[in-house]
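# Structure assessment
Here is what each chain is made of, one letter per residue.
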Amino acid sequence: MRLATAANEAYTASLAVSELLGCKQCGGSRGQDEELGIRIPRPLGHGPSRFIPEKEILQVGSEDAQMHTLFADSFAALGRLDNITLVMVFHPQYLESFLKTQHYLLQMDGPLPLHYRHYIGIMAAARHQCSYLVNLHVNDFLHVGGDPKWLNGLENAPQKLQNLGELNKVLAHRPWLITKEHIEGLLKAEEHSWSLAELVHAVVLLTHYHSLASFTFGCGISPEIHCDGGHTFRPPSISNYCICDITNGNHSVDEMQVNSAGNVSVSDSFFEVEALMEKMKQLQECRDEEEASQEEMASRFEIEKRESMFVFSSDDEEVTPARDVSRHFEDTSYGYKDFSRHGMHVPTFRVQDYCWEDHGYSLVNRLYPDVGQLIDEKFHIAYNLTYNTMAMHKDVDTSMLRRAIWNYIHCMFGIRYDDYDYGEINQLLDRSFKVYIKTVVCTPEKVTKRMYDSFWRQFKHSEKVHVNLLLIEARMQAELLYALRAITRYMT
Amino acid sequence: MEKMSRVTTALGGSTLTGRTMHCHLDAPANAISVCRDAAQVVVAGRSIFKIYAIEEEQFVEKLNLRVGRKPSLNLSCADVVWHQMDENLLATAATNGVVVTWNLGRPSRNKQDQLFTEHKRTVNKVCFHPTEAHVLLSGSQDGFMKCFDLRRKDSVSTFSGQSESVRDVQFSIRDYFTFASTFENGNVQLWDIRRPDRCERMFTAHNGPVFCCDWHPEDRGWLATGGRDKMVKVWDMTTHRAKEVHCVQTIASVARVKWRPECRHHLATCSMMVDHNIYVWDVRRPFVPAAMFEEHRDVTTGIAWRHPHDPSFLLSGSKDSTLCQHLFRDASQPVERANPEGLCYGLFGDLAFAAKESLVATESGRKPYTGDRRHPIFFKRKLDPAEPFSGLASSALSVFEMEPGSSSMSWFVDTAERYALAGRPLAELCDHNAKVARDLGRNQVAQTWTMLRIIYCSPGLVPTTNLNHSVGKGSSCGLPLMNSFNLKDMAPGLGSETRLDRSKGDARSDTVLLDSSATLITNEDNEETEGSDVPADYLLGDVEGEDDELYLLDPEHAHSEEPDYVLPQEAFPLRHEIVDTPPGPEHLQDKADSPHVSGNEADAASLVPVDSSFSLISVSHALYDSRLPPDFFSALVCDMLRFYAEQGDVQMAVSVLIVLGERVRKDIDEQTQEHWYTSYIDLLQRFCLWNVSNQVVKLSTSRAISCLNQASTTLHVNCSHCKRPMSSRGWVCDRCHHCASMCAVCHHVVKGLFVWCQGCSHGGHLQHIMKWLESSSHCPAGCGHLCEYS
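Note that the coordinates shown come from a computational prediction; the quantities given were computed from them, not determined experimentally.

Time to look at the pattern of salt bridges. Going through the model one piece at a time under the given rule, you end up with 36 salt bridges over all chains. In this structure, B:R106 and B:D113 form a salt bridge, with 3.8 Å as the shortest nitrogen-oxygen distance. Its salt-bridge partner being B:D282, residue B:R284 comes within 2.8 Å of it at the nearest N-O pair. What you see here is one network of salt bridges that share partners, running through A:R350, A:D353, A:D418 and B:R46.

This paragraph deals with helix α17 (residues 356-367) of chain A. Within α17(A), ten of the twelve residues are buried, which leaves the element mostly enclosed by the surrounding structure. Of the positions making up α17(A), those classed as buried are A:W356, A:D358, A:H359, A:G360, A:Y361, A:S362, A:L363, A:V364, A:N365 and A:L367. In this structure, the buried side of α17(A) is in contact with α10 (196-218), α18 (371-384) and α23 (461-491) of chain A together with β16 (166-171) and β20 (210-215) of chain B.

Right, let's get into the pairing of strand β13 (residues 135-140) of chain B. Residue and element names in this part refer to chain B. Of all six residues in β13, six are buried; the element is thus mostly enclosed. With burial as the criterion, each face of β13 is covered, one bearing V135, L137 and G139 and the other bearing L136, S138 and S140. Where strand β12 (residues 123-128) hands over to β13, the hairpin turn is made up of six residues, counted between the paired strands. Bridge analysis of β13 against strand β14 (residues 144-149) gives five bridges, and the strand direction is antiparallel. Paired with V135 across the strands is D149, a residue of β14. Following β13, the chain reverses through three residues before pairing antiparallel with β14; G143 in that reversal takes a positive phi of roughly 90 degrees.

This next bit is on the nonpolar core. Among the nonpolar cores identified, the biggest contains 165 residues, and A:M88, A:L164, A:F215, A:I405 and A:I437 are the most heavily contacted of them. Those residues in contact with A:F215 that sit more than four places away from it in its chain are A:I84, A:V87, A:M88, A:G220, A:I221, A:V465, A:N468, A:L469 and A:I472. Membership of the second largest hydrophobic core comes to 52 residues, among which are B:V654, B:V656, B:V664 and B:V696.

Residue and element names in this part refer to chain A. Running from N to C, helix α6 (residues 114-127) and helix α7 (residues 131-143) point in directions that differ by 165 degrees, and their axes come no closer than 9 Å. The angle between the axes of α6 and α7 places the two elements in the roughly antiparallel class. In this structure, α6 meets α7 at a crossing whose hand is left-handed. Counted together, H115, H118, Y119, I122, A125 and A126 of α6 and L133, V134, H137, V138, D140 and F141 of α7 form the full contact between these two elements.

Counted under the stated rule, the structure contains 35 aromatic pairs over all chains. Between the aromatic rings of A:F349 and A:Y354, the centroid separation amounts to 6.4 Å while the plane-to-plane angle is 80 degrees, which identifies the pairing as edge-to-face. Assessed through its relative accessible area of 0%, A:F349 is described here as buried. Clustering of aromatic rings is evident, with ring pairs tying together A:F433, A:Y436, A:Y452, A:F455, A:W456 and A:F459. Cation over ring: A:K160 sits above A:W194, and NZ or CZ is 5.1 Å from the ring centre. It is B:R264 that lies over the ring of B:W222; its NZ or CZ is 4.9 Å from the centre.

What follows covers the side chain of B:T92. Take B:T92: it is sitting in strand β9 (residues 89-94). Each residue touching B:T92, except ones within four places of it in the same chain, is listed here: B:F49, B:C77, B:D79, B:V80, B:V98, B:V99, B:V100, B:W102 and B:V126.

Here the focus is the pairing of strand β21 (residues 222-227) of chain B. All names here are of chain B. With respect to burial, β21 is a largely interior element, six of its six residues being buried. Burial of the side chains of β21 extends over both faces: W222, A224 and G226 are buried on one face and L223, T225 and G227 on the other. In the sheet, β20 pairs with β21 via five bridges, with the strands oriented antiparallel. By the bridge assignment, D214 is partnered in β21 with A224. Hairpin remark: β20 followed by β21, antiparallel, with six residues in the connecting loop. Between β21 and strand β22 (residues 231-236), which pair antiparallel in sequence order, lie three residues; one of them, K230, sits at a positive phi of approximately 65 degrees.

Moving on, we come to the environment of B:W259. Residue and element names in this part refer to chain B. Note that W259 resides in strand β24 (residues 254-259). The spacing of W259 and A304 is 45 residues in sequence and 9.3 Å in space, taken between C-alpha atoms. In contact with W259, other than residues within four places in its own chain, are D214, W215, H216, P217, W222, A224, V234, R264, H265, H266, L267 and W305.

All names here are of chain B. As summarised here, the arrangement of the four strands in space is β20-β21-β22-β23, forming an open sheet in which the pairing is antiparallel. Of all the strands in the sheet, the pair left with one neighbour each is β20 and β23 (243-249). With strand direction ignored, the average angle separating the axes of adjacent strands in the sheet is 20 degrees. As paired strands, β22 and β23 are joined by six bridges and run antiparallel to one another. If you follow V234 over to β23, its bridge partner there is H246.

All names here are of chain B. Pairing within the open sheet is antiparallel, and its four strands lie in the order β8-β9-β10-β11. Bordering the open sheet on either side are β8 (77-82) and β11 (112-116), each of which pairs with just one other strand. With strand direction ignored, the average angle separating the axes of adjacent strands in the sheet is 20 degrees. Sheet topology note: the strand β10 (residues 99-103)/β11 ladder contains four bridges and is antiparallel.

Residues and elements named next belong to chain A. The geometry of helix α3 (residues 65-78) relative to helix α5 (residues 92-107) is characterised by a closest axis approach of 10 Å and an angle of 15 degrees between their N-to-C directions. Overall, the two elements α3 and α5 adopt an arrangement that is roughly parallel. In this structure, α3 crosses over α5, and the sense of that crossing is left-handed. Taking contact as the criterion, the partners of Q66, M67, L70, S74, A77 and L78 in α3 are, on α5, P92, Q93, L95, E96, L99, Q102, H103 and Q107. Split into classes, the residues belonging to the contact of α3 with α5 amount to seven nonpolar, six polar and one charged.

Residue and element names in this part refer to chain A. Looking at the secondary structure, you find H208 in helix α10. With relative accessibility at 2%, the residue H208 sits in the buried group. Here the alpha-carbon distance between H208 and I375, two residues 167 residues apart in the chain, equals 9.8 Å. Within the structure, the side chain of H208 is placed 3.0 Å from the side chain of Q102, a separation counted as a polar contact.

Here the focus is the confidence of the model for chain B. Residue and element names in this part refer to chain B. The share of residues in chain B with pLDDT of 70 or more is 67%, and the mean pLDDT across the chain is 72. Low confidence marks residues 1-13, where pLDDT is under 50. Its contacts with residues over four positions away, or in another chain, come to 37 contacts. Counting contacts from residues 460-626, a segment whose pLDDT is below 50, to residues more than four positions away or on other chains yields 230 contacts. Taken over the whole predicted complex, pTM reads 0.63, whereas the ipTM for its chain interfaces reads 0.72.

Definitions and cut-offs
- Residues numbered from 1 in each chain as written.
- Chains lettered and ligands numbered in written order.
- Predicted model: local features only at pLDDT ≥ 70, side-chain atom pairs only at ≥ 80, totals over all residues.
- Heavy atoms only, no water.
- Salt bridge = Lys/Arg side-chain N within 4 Å of Asp/Glu carboxyl O.
- Buried < 20%, exposed > 50% of the residue type's maximum accessible area, 1.4 Å probe, protein only.
- Helix = DSSP H or I, 4+ residues; strand = E, 2+ residues; numbered from the N terminus.
- Contact = heavy atoms within 4.5 Å.
- Pairing = 2+ DSSP bridges.
- Core = buried A, V, L, I, M, F, W, Y, C linked by side-chain atoms within 4.5 Å.
- Axes fitted to C-alpha atoms, helices over the stretch in contact; angles between N-to-C directions.
- Parallel < 35°, antiparallel > 145°, perpendicular 65-115°, else oblique.
- Left-handed = near helix turned anticlockwise from the far one by under 90°.
- Phe/Tyr/Trp six-rings, centres within 6.5 Å; stacked < 30°, edge-to-face > 60°.
- Lys NZ or Arg CZ within 6 Å of the ring centre and 35° of its normal.
- Nonpolar A, V, L, I, M, F, W, Y, C, P; charged D, E, K, R; others polar.
- Polar contact = N/O pair within 3.5 Å; in protein donor to acceptor, adjacent residues only side chain to side chain.
- pLDDT = per-residue confidence, 0-100.

Structure, rendered in structure tokens:
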């Protein structure tokens, strides 16, 4: 006979989660309220997201078996069921892949020590002043034995991490400026130098958290309850509110207004959907007939690229970042700058010359085994995810729309697909949608509920979350492509 | 590449001559293709499309097909192919999804012939029919393959890959109607050109995209595929199911694969990323490439054999903007640089060793393990005339058999298990370990432990050690009384232990000493031990330092241990008698000379407190009252540790290191410590001493070591019903929703410790099963199996 410990860690954690959520098997007879009585406490009555009404979001305890498993996984991996998970569970298929990847990046075998990983997460999230992620990872960072002193600012962290600051900055706001000199600087810094494997790990973490910050703001994720309260490690001068509240402080106030506004424009937005469907159909049919000339195709990309930088929300007021997060990055003035606004000439990145599937994947998998596979799966799921629905319509082929969104984001980063007609973007994405995309991807901290509500008014919240998934994955891929290309150039 | 070898091959009238050469292109190449006459090559890329003539000494640009002022995306080529029947016909695949054909026979400057804009996404590959003049096939990112008849404006037929991107299409060379296509999801499909509705055959060839494929030029059924999973696989398609006949593992994802003409088992590959070389593999020898071309400075994007019947010329284009002609003769052959030596253990400790024949022949006399003591059991030459490398690969295989019982390392295991490394005061640890060592007959080790205890634990004893230390340094301190006292004391220790470190000359004097001290050890006995011992232990030390595996080789080790086992019983009781024996002065001199001996002397001195009462020490204490801090000895202790490690006894080195902790750690550099730790852990694991090894890992202060037991801590469990891995929880399967581990006694789910019978695989809660099997010998599940619990 032989003894075995059956996955001990998972066991205790998921035991806890089933206690917390109520057991699936025996929970049926119990009343919903009773079950919810011991649910995760919520702050101030609004649910996981400030943009999405709580009733739209799946209630913990009413999920199906697959989602339950996901929740259990998430809980087991992180020791919590965070709001991001609760919102992402609109798309369980993606969530599964997302959690798996995140878990691997943070907790499984990898070249970087655990506290470094969380600290890099904090650095990345802080670039976008995403206090939600910062707070979560401050906890994790301390939990895995990180030095609290580092949290007082990047200058208190080891030189090695300080060196990463520059890459973080460029990657977050102007990834196309990354050169092999950046990489060389990190790899050849005497005793503070990074190894290639560590660097790839760090780059993946940075891009992951940049895009996750986009998601957090894009879906208006509410702060976790335990992150708001006064934690002893915070300096006493820091007030308790979260900067999400400061920056986009209009959540509960204008909810009513928007609701009424929504009612008024129902017919309006109905036509919106119809028009979009019509355009898609047209594009599909007319493709072969109307063939644009070469020059026109080329100029369309340039136009779209140029235009994308003028797409900015009208309420573009500067927001001063709250102190507690900004301490992690020194150069607050360094933000998203558009391609040619400052007279920069950025050569177009041709995806046919360096793409994720052929090149990026191979490089990542070589230097950080298994992660390439995980990210690849995640990209695939995000790109191919569809329910064949659009608002109230069923059986719609949305691939064209999804591709337009994906390519529009890459276009903003200067990444061009030779085989794509950028004219389609203009047809399919209206201005308010472009504003939203642009803001979420480039300056997520400026997303407001108004922006979230004003695009695709007839669409379901789950579809808006779906859009967000596309946004963050496309953004992550774009950043990764630039960073990996620089690494490749360094290596050759 | 300054090798200027020249090859002239006669090929049915025409001759190919040339040398290894390269020329600079203006832009990175994406693909190349060779004309039928083997005298021209076309290079295509994002911003290049040129034809070069291959002359004897150089490439000469013959034609630039990129005409017109405005660069058009139609000219941004992902692939190019030259028709193998018609010298004037070319086709390119553009990144914007256009397929273009070119007719070099056109009189105008623009040779563009036809434009097919049917694909919606990038076209990855174009391919002409090998014999039919007008048939062109294309495969695109949009998941469609299209077959064009060049006499018509549109495609003749469209083949759907179910929205999976097509990476490569290749017409079969032998079967007129067949073509193969490879996909981004790892599938390979076989199509009949006449049946566009569905594929003939489909199988999953790779994990991840299959970037390329190539039909064997002679062997009808063989298809080589290369994928992102870094593998090249050769499939036999003649059987009912595609059968993998060969598999070559490369170091990077495989971008192109091309069979070598006239060489049935050779194929050339280049990679998509990271690796810039071109390899030619013999598929029967999948680990070492047969040839390697290292000219390119960036990834190679296109390879082509210059002539379909000439195996010596390979052309290649690269992202580094060069076009190269490689001569097989100039290739570097990794096999030459390889070290064809192998070493492996058998189940019962036998050792097989294969090396180049020449090496073994010349060195067998010299190498200790092929020496007189161990006889090769058999000696065999492996020669395979079919192997192209047979000359290089021939090797001699020697197998060494263990003499029964000779490999006994029980002292090691015992010591490892019984040593106490932490959790008690230092003095107790030292005493305990000394006792363990003594019980096992390892007196020198025991004495070392006692020494350590004296140095570090009892301030009152410091002077004693100090005294001994001074003796160790030599007799120059001029204290004859103490010296003699120490030496007397030391004698038995030396009798059993010091011979390990001494040459025979020393040993002789030892024997003298022993004789004079009237030990029970007979002279012959001791002599014999000396003879066999010294070289054996030397070997042990040598070998273990560098390669932990080798120490098992040493069949004599047990010999050396046996006397150790015998000695203590004799040696210890004698100790007090010896005290009275006067030492010979020349012996003293001997000691002072040898550096090892100082350590031994110190050892010997430690006998005083251990074996006899402390009264003796009090004498010395009275004599010397210079108090030195324990720090004073750390250099000595470090020397001692290094000495043990060099001797091969990393166990001692590591154990002392752990027990002494901070006291000595700073004096030994991190790397050495790490080296000792890894050696010791490796040894422990070889003896399946998992608990001890984990304890060592835990107690180590070296970061590299202590992180060893933080990796791979997950235990994966498969469901007992559906055999799938259970990802989330240990006891309920997500897929079949069965509880995987039910207790056979209480019929509840077991969460935690699950114990099961390996005979009938029933089991349950540990407590329940234990209780059950106390009263019954049958399986609690009622299957009738007689379970055993041990």
